[in-house]
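A look at the structure
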Amino acid sequence: MTTTTDTHCPYCSLQCGMRLEAPHGAGARVAERPGFPVNRGALCGKGQSAGELLAPASRLSTPLVRERGALRAAGWDEALDRVAEGFAAIGAEHGADAVGVFGGGGLTNEKAYQLGKFARIVLGTATIDYNGRFCMSSAAAGNRIAFGLDRGLPFPLEDIARTECLILVGGNPAETMPPALRYFRELRENGGTLIVVDPRRTRTAQQADIHLQPLPGGDLALALGLLHVLIADRLVDTEFVRTRTTGFERARSEAMAHWPERVEALTGVTAGHIREVAHLFGRARTGMVLTARGPEQHSKGTDTVGAWINVCLAAGKAGRLRSGYGCLTGQGNGQGGREHGQKADQLPGYRSIEDPAAREHVAGVWGVAPDSLPRSGRSAYELLDSLGRTGPDGVRALLVMGSNPVVSAPRAAQVTRRLRSLDLLVVSDLVLSETAQLADVVLPSAQWAEETGTMTNLEGRVILRQKAVEPPAGVRTDLWVLRELAARLGVDRGFPDDPETVFEELRRASAGGQADYAGISYARIRAEEGVFWPCPAADHPGTPRLFLEAFATPDGRARFAAVTDRPSAEVPDADYPLHLTTGRVLPQYQSGAQTRRVDALNAAAPGPFVELHPLLARRLAVADGDLLAVTSRRGRAVAPARITDTIRPDTVFMPFHWPGTGRANTLTNPALDPTSKMPEFKNCAVRVEPARDAAAGPGAGVRP
Ligand SMILES: Nc1nc2c(c(=O)[nH]1)N[C@H]1C(S)=C(S)[C@@H](COP(=O)(O)OP(=O)(O)OC[C@H]3O[C@@H](n4cnc5c(=O)[nH]c(N)nc54)[C@H](O)[C@@H]3O)O[C@H]1N2
Ligand SMILES: Nc1nc2c(c(=O)[nH]1)N[C@H]1C(S)=C(S)[C@@H](COP(=O)(O)OP(=O)(O)OC[C@H]3O[C@@H](n4cnc5c(=O)[nH]c(N)nc54)[C@H](O)[C@@H]3O)O[C@H]1N2
Ligand code: SF4
Ligand SMILES: [Mo]
């Protein structure tokens, strides 16, 4: 007998609907689920092959503990006792904040909520953050400053197809969210204009009407230049600015110093193009600006997002049907993962941990005294950089759940050294990731189709991943692990391992907060193909479109950001003359912990590479496939050359999905944005030369 279950993809923030067919006693097969509105049956290659993730061959099937330097199999009691005793001893000796937690934006809402609660009331630590800090934090900060609320898209994806002019800044959905590309195609079929801003002529840029190709880090200046033209050429929607915004004058004076010819010199985008795009956007009746990681992963990411929102506001393209600013979120639960309390400064419902009323509400739901809740902790990179250090700020023990920072963190060699210097590293994962390989205790977790839980996609739509198959014998869920650890640490209530019970509590904890889930239930999600937050009551329809009447600021008006341009933290010089930017390829996902274990995906993208322009290749006297050494102030990586004229000659690009000698994050700069604490993944200075060391083959150290 075959069971059929409607569920969602294990990977990105589109959370495509899929159907899993599980013949009794055999592996599961992914099938189409045409009824789900976001992807209408379409899946990318990662989604299509996701059934392979469930195969036991590459999975962890038993806890592991480190003994005399090596990991060995252990029973659950031994592993959990070791974790609980270690956390208790380190907390007692060094203080509660010396025990840290590092979560992930791929965790379900239930797991993220329970992990935040575990940190605050079982460990009593302020030291918790998560990989979403590396992902969406600059857009989140920009959204909150301008609109008073942070939801990736303030409208459903389908609205994209019906706007007149869309500027996509630094996103490559043709590789990162292929089924969403349909909406951009429909936009053009409906007569709309698609403008893409990217230092590379990506597969997405190739489908645009206009492609602007700025230097990495040029987006802030470019947005100021567009605002300049809107003002100088009288394209500002003065009525909108007067009635629905504040702060225009300051934004205006900064933009006036960025005339198109000056911006051309700063970014490489011609003054003619700047004028053309400003006119197209300004004159269109409806328009959108979407950003993704390209402009956001910078030490000026928050201001850059602010500058693009300013363009929307000046043109009157916000808070109206088919108009607005949006951010394409990234991880499966990149949105929900930051709403329920695994971010250093947040409590469930997108509440601030420093707000007395928020503390009182959440403490009430948790049955603890508000004063007992820790204050805000440090951001992801700051947390990783404090690992193993002695002194009052040092973190001595860490629980990692849902991230693989050995591959994905900036300045990764240093982060790896810090992880190694911990007294106790505990990693919960499905597979023996590069980070799990360093752990003292590894806890094998159930995943995706083996457990039920909600996720919140890039539109703010809360969806339900339903359990389709049993986890392998010996594997437990993260919720069960948190329950067992809490009990061993003296808290035997409040940590149920049934996801729906956790969700019912999450509803209450979020009630009255910005991300209000109080009216959402598993039954409603099943019946309605997802529910958009905020949804404060069971009879509330949910909120697919935000801001149509008012923005979420105290006075209901959107705020222009006061931003000035500044250089990236590192700019090319004689020693490091080129820009390095980093990103993704279609077949691999993130640190690759999952996709590097799927044969078809590995065949399509077997290893790292360095993308460079033919002019640069000629100057370096290298041919396609030759090994290149890329050196930054942090370290050196080696990978084969991929020569293409789709990239700027002054910039090289590396995907970050692989560990080993070709690891892009050996090179990246951990300079942080002052507001969002986002590291500068998208721009650092490097030197590129032919690699003389034959030892580092193209795939060296790549396979798991
Ligand atoms: N196949 C695949 N899909 C994924 C993921 C994956 O790992 N693999 N990860 C998911 C996650 S978590 C995320 S966050 C999203 C990310 O989705 P995207 O943001 O679309 O992905 P990236 O490749 O990181 O960056 C997008 C583009 O930014 C460009 N870029 C680089 N520097 C700059 C710059 O300074 N300015 C501008 N304007 N552009 C720049 C790059 O050339 C790249 O084409 O993808 C999600 N989907
Ligand atoms: N150079 C460079 N670096 C980057 C970026 C970039 O553009 N350039 N992008 C950044 C971005 S946007 C992101 S989002 C990060 C992501 O980077 P990571 O945080 O490393 O993300 P993943 O590789 O998805 O790691 C998730 C891990 O959790 C495991 N896992 C999955 N589901 C579960 C679960 O339910 N429970 C448990 N216990 N484990 C689970 C997976 O097997 C995997 O090992 O990388 C960042 N790093
Ligand atoms: S686009 Fe994202 S959610 Fe959809 S199938 Fe691909 S990886 Fe999965
Ligand atoms: Mo991300």
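Residues numbered from 1 in each chain as written. Chains lettered and ligands numbered in written order. Predicted model: local features only at pLDDT ≥ 70, side-chain atom pairs only at ≥ 80, totals over all residues. Heavy atoms only, no water.

Quick look at the overall build of the protein now. Check the secondary structure of the protein and you find 22 helices and 30 strands. A globule of 704 residues ought to have a C-alpha radius of gyration of about 27 Å, and the protein, at 24 Å, matches this closely. C-alpha atoms of the protein, sized along the principal axes, occupy 70 × 65 × 60 Å. Out of the 704 residues belonging to the protein, those deemed buried represent 65%. When contacts within the protein are restricted to residue pairs at least 6 apart in sequence, those whose partners lie at least 24 apart make up 73%. Of the roughly 23,500 Å² of accessible surface on the protein, 50% is carried by carbon and sulfur atoms. (Helix = DSSP H or I, 4+ residues; strand = E, 2+ residues; numbered from the N terminus. Rg over C-alpha atoms; globule rule 2.2 N^0.38 Å. Buried < 20%, exposed > 50% of the residue type's maximum accessible area, 1.4 Å probe, protein only. Contact = heavy atoms within 4.5 Å. Areas by Shrake-Rupley, 256 points an atom, 1.4 Å probe, with all protein chains shown as cover.)

Burial within strand S20 (residues 461-465) is extensive, with five of its five residues counted as buried. Here S20 shows no split at all, with Arg 461, Ile 463 and Arg 465 on one side and Val 462 and Leu 464 on the other all buried. Two elements, strand S19 (residues 453-456) and S20, share four bridges in a ladder whose sense is antiparallel. Paired with Thr 454 across the two strands is Leu 464, which belongs to S20. Once S19 ends, the chain turns through four residues before running back antiparallel as S20, passing Gly 460 with a positive phi of about 85°. Pairing of S20 with strand S21 (residues 531-532) involves two bridges; the strand directions are antiparallel. Bridged to Arg 461 within S21 is Phe 532. (Pairing = 2+ DSSP bridges.)

The next subject is the state of the cysteines. Scanning all chains against the criterion turns up zero disulfides. Take Cys 165: it sits in no disulfide, and the sulfur closest to it among the cysteines is that of Cys 312, at 10 Å. The buried category is assigned to Cys 165, whose relative accessible area is 1%. (Disulfide = S-S within 2.5 Å.)

Turning next to helix H18 (residues 478-488). Of all the 11 residues making up H18, eight are buried; the element is thus mostly covered by neighbouring parts of the structure. Listing the buried residues of H18 in full gives Asp 478, Leu 479, Trp 480, Val 481, Leu 482, Glu 484, Leu 485 and Ala 486. Among the structural elements, helix H2 (76-94), helix H3 (109-123), strand S16 (397-401), strand S17 (424-429), strand S18 (441-444) and helix H19 (499-510) are those in contact with the buried residues of H18. Just downstream of H18, Gly 490 is the residue with a positive phi angle, here 95°.

With respect to the helices and strands, the residue Thr 581 is situated in strand S23 (residues 578-583). What makes Thr 581 buried here is its relative accessible area of 6%. At 2.9 Å, the side chain of Thr 581 forms a polar contact with the backbone oxygen of Lys 682. (Polar contact = N/O pair within 3.5 Å; in protein donor to acceptor, adjacent residues only side chain to side chain.)

Interaxial distance between helix H7 (residues 219-232) and helix H10 (residues 260-267) falls to 9 Å at its minimum, and their mutual angle equals 165°. The orientation of H7 relative to H10 falls into the category roughly antiparallel. Relative to H10, H7 is oriented so that their crossing is left-handed. Residues Ala 221, Leu 222, Gly 225, His 228 and Val 229 of H7 lie in contact with H10, whose contacting residues are Pro 260, Val 263, Leu 266 and Thr 267. Residues of the contact of H7 with H10, tallied by class, amount to six nonpolar, three polar and no charged. (Axes fitted to C-alpha atoms, helices over the stretch in contact; angles between N-to-C directions. Parallel < 35°, antiparallel > 145°, perpendicular 65-115°, else oblique. Left-handed = near helix turned anticlockwise from the far one by under 90°. Nonpolar A, V, L, I, M, F, W, Y, C, P; charged D, E, K, R; others polar.)

Time to look at the site of ligand 2. Taken together, 31 residues surround ligand 2, and among them Asn 131, Ser 403, Ser 408, Asp 429 and Ser 591 come closest. In this structure, an oxygen atom belonging to ligand 2 sits 2.5 Å away from a side-chain N or O atom of Ser 591. In this structure, ligand 2 is accommodated by the largest cavity. Of the residues contributing to the shell around ligand 2, the split by class is 10 nonpolar, 16 polar and five charged. Each of two domains, domain 2 (64-134 + 337-532) and domain 4 (578-690), supplies a minimum of three residues to the shell around ligand 2. (Near = heavy atom within 4 Å. 1 Å grid on protein atoms, 1.4 Å probe; cavity = no way out; pocket = protein on both sides within 12 Å on 5 of 7 lines; lining within 4 Å. Sits in = over half its atoms within 2 Å of the grid points. Domains from an automatic or database assignment.)

Under the definition given, this model contains 45 salt bridges. Salt-bridge contacts for Lys 117 lead to Glu 505; the nearest nitrogen and oxygen are separated by 2.8 Å. Linking Lys 117 in helix H3 with Glu 505 in helix H19, this pair joins segments that are 388 residues apart in sequence. With a relative accessible area of 13%, Glu 505 lands in the buried category. (Salt bridge = Lys/Arg side-chain N within 4 Å of Asp/Glu carboxyl O.)

As a further point, take the domain arrangement of the protein. Often the size quoted for an interface is simply the accessible area lost on bringing the parts together. According to the domain assignment, the protein contains domain 1 (2-58), domain 2 (64-134 + 337-532), domain 3 (154-328) and domain 4 (578-690). For domain 2 versus domain 3, the distance between C-alpha centres works out to 36 Å. If you look at the interface, domain 2 gives four residues, while domain 3 gives six residues. Between domain 2 and domain 3, roughly 410 Å² of surface is buried when both sides are summed, and carbon and sulfur atoms account for 62% of that area. On the domain 2 side of the contact with domain 3, Phe 134, Leu 458 and Glu 459 bury the most area, a combined 87% of that side's loss. Our enumeration of links across domain 2 and domain 3 arrives at zero salt bridges. Between the two partners, domain 2 and domain 3, sit two residue pairs in polar contact (both at pLDDT 80 or more). The class makeup of the residues in the side of domain 2 that touches domain 3 is three nonpolar, no polar and one charged. (Buried area = accessible area lost by both parts, 1.4 Å probe.)

Turning next to the sheet that holds strand S12 (residues 287-291). Sheet architecture is open: five strands sit in the order S10-S9-S8-S12-S13, paired in parallel fashion. Looking at strand neighbours, the two that pair on one side only are strand S10 (210-212) and strand S13 (324-327), the edges of this open sheet. Pairwise comparison of adjacent strand axes, ignoring direction, gives a mean angle of 15° for this sheet. For strand S9 (residues 193-197) and S10, the ladder comprises three bridges, and the chain directions are parallel. Its bridge partner being in S10, Val 197 is matched across the sheet by Leu 212.

Taken together, the seven bridges between strand S1 (residues 2-8) and strand S2 (residues 17-23) define a ladder with antiparallel strand orientation. For Thr 5, the partnering residue across the bridge sits in S2 and is Leu 20. Where S2 lies against strand S3 (residues 29-31), three bridges are found, and the strand directions are antiparallel. Residue pairing in the sheet places Leu 20 in a bridge with Val 30 of S3.

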